[in-house]
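Secondary and tertiary structure notes
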Amino acid sequence: MTLLAQAAATDFSTGQTVFWVTAVIMVALALGVLFCRTAVHSAICMVGVMLCLAMMYVSQGAYFIGVVQVVVYTGAVMTLILFIIMMVGVAASDNYLRTRRFLRWGAICAGVFGAIFVA
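Okay, so let's go over this structure. These figures come from a predicted structure and were not determined experimentally.

Below, the discussion takes up the packing of aromatic side chains. Under the criterion given, the structure shown has 2 aromatic pairs. Note on Phe-113 and Phe-117: the rings are 6.3 Å apart at their centroids and 20° apart in plane angle, and the pair reads as stacked. Residue Phe-113 and its partner Phe-117 are both found in helix α6 (residues 101-118); the two are separated by 4 residues, about one turn of the helix. On the accessibility criterion, Phe-113 (57% relative accessible area) is exposed.

Okay, structure coming up:
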């Protein structure tokens, strides 16, 4: 039996299946946080990431941490972040075109330097 056939013959449990499907959805939502143009949509994608993380905890048997993730982080912290976004104003936080060009390039260079430094 080849290695590929042996890997295909392994039986996944329901928890593992939920874990991997949730991981794919979580990565898609994390990319949504990065690439959404409005701060509110990014925050909603972040709520989805946190809910997926709680689902991953529950699928691995850590029920208490999953509930704490939903109640504390998704419920309280994200509500606070959305409240701050609404208090500042959606138009004020989403106006990327008015930022100075050197600030955007500086942020990109700092991010690349940070990624190289960490790796």
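The next thing to look at is helix α3 (residues 39-59). Helix length check: α3 (21 residues) gives 30 Å between terminal C-alpha atoms against 30 Å at 1.5 Å per residue, within 8%. Downstream of α3 by a residue or two, Gly-61 has a phi angle that is positive, lying close to 95°.

This part covers a nonpolar patch on the surface. On the surface, Leu-51, Val-67, Val-70, Val-71, Val-72, Tyr-73, Val-77 and Ile-81 cluster together into a nonpolar patch covering about 620 Å² of accessible area. Sort the elements by how many residues they give to the nonpolar patch and helix α4 (residues 63-88) lands first, with 7 residues.

Rules used in this analysis
- Residues numbered from 1 in each chain as written.
- Predicted model: local features only at pLDDT ≥ 70, side-chain atom pairs only at ≥ 80, totals over all residues.
- Heavy atoms only, no water.
- Phe/Tyr/Trp six-rings, centres within 6.5 Å; stacked < 30°, edge-to-face > 60°.
- Helix = DSSP H or I, 4+ residues; strand = E, 2+ residues; numbered from the N terminus.
- Buried < 20%, exposed > 50% of the residue type's maximum accessible area, 1.4 Å probe, protein only.
- Expected span 1.5 Å × (residues − 1).
- Patch = residues over 30% accessible without salt bridge, like charges linked within 9 Å, V, L, I, M, F, W, Y side chains within 5 Å.
- Areas by Shrake-Rupley, 256 points an atom, 1.4 Å probe, with all protein chains shown as cover.
- Salt bridge = Lys/Arg side-chain N within 4 Å of Asp/Glu carboxyl O.

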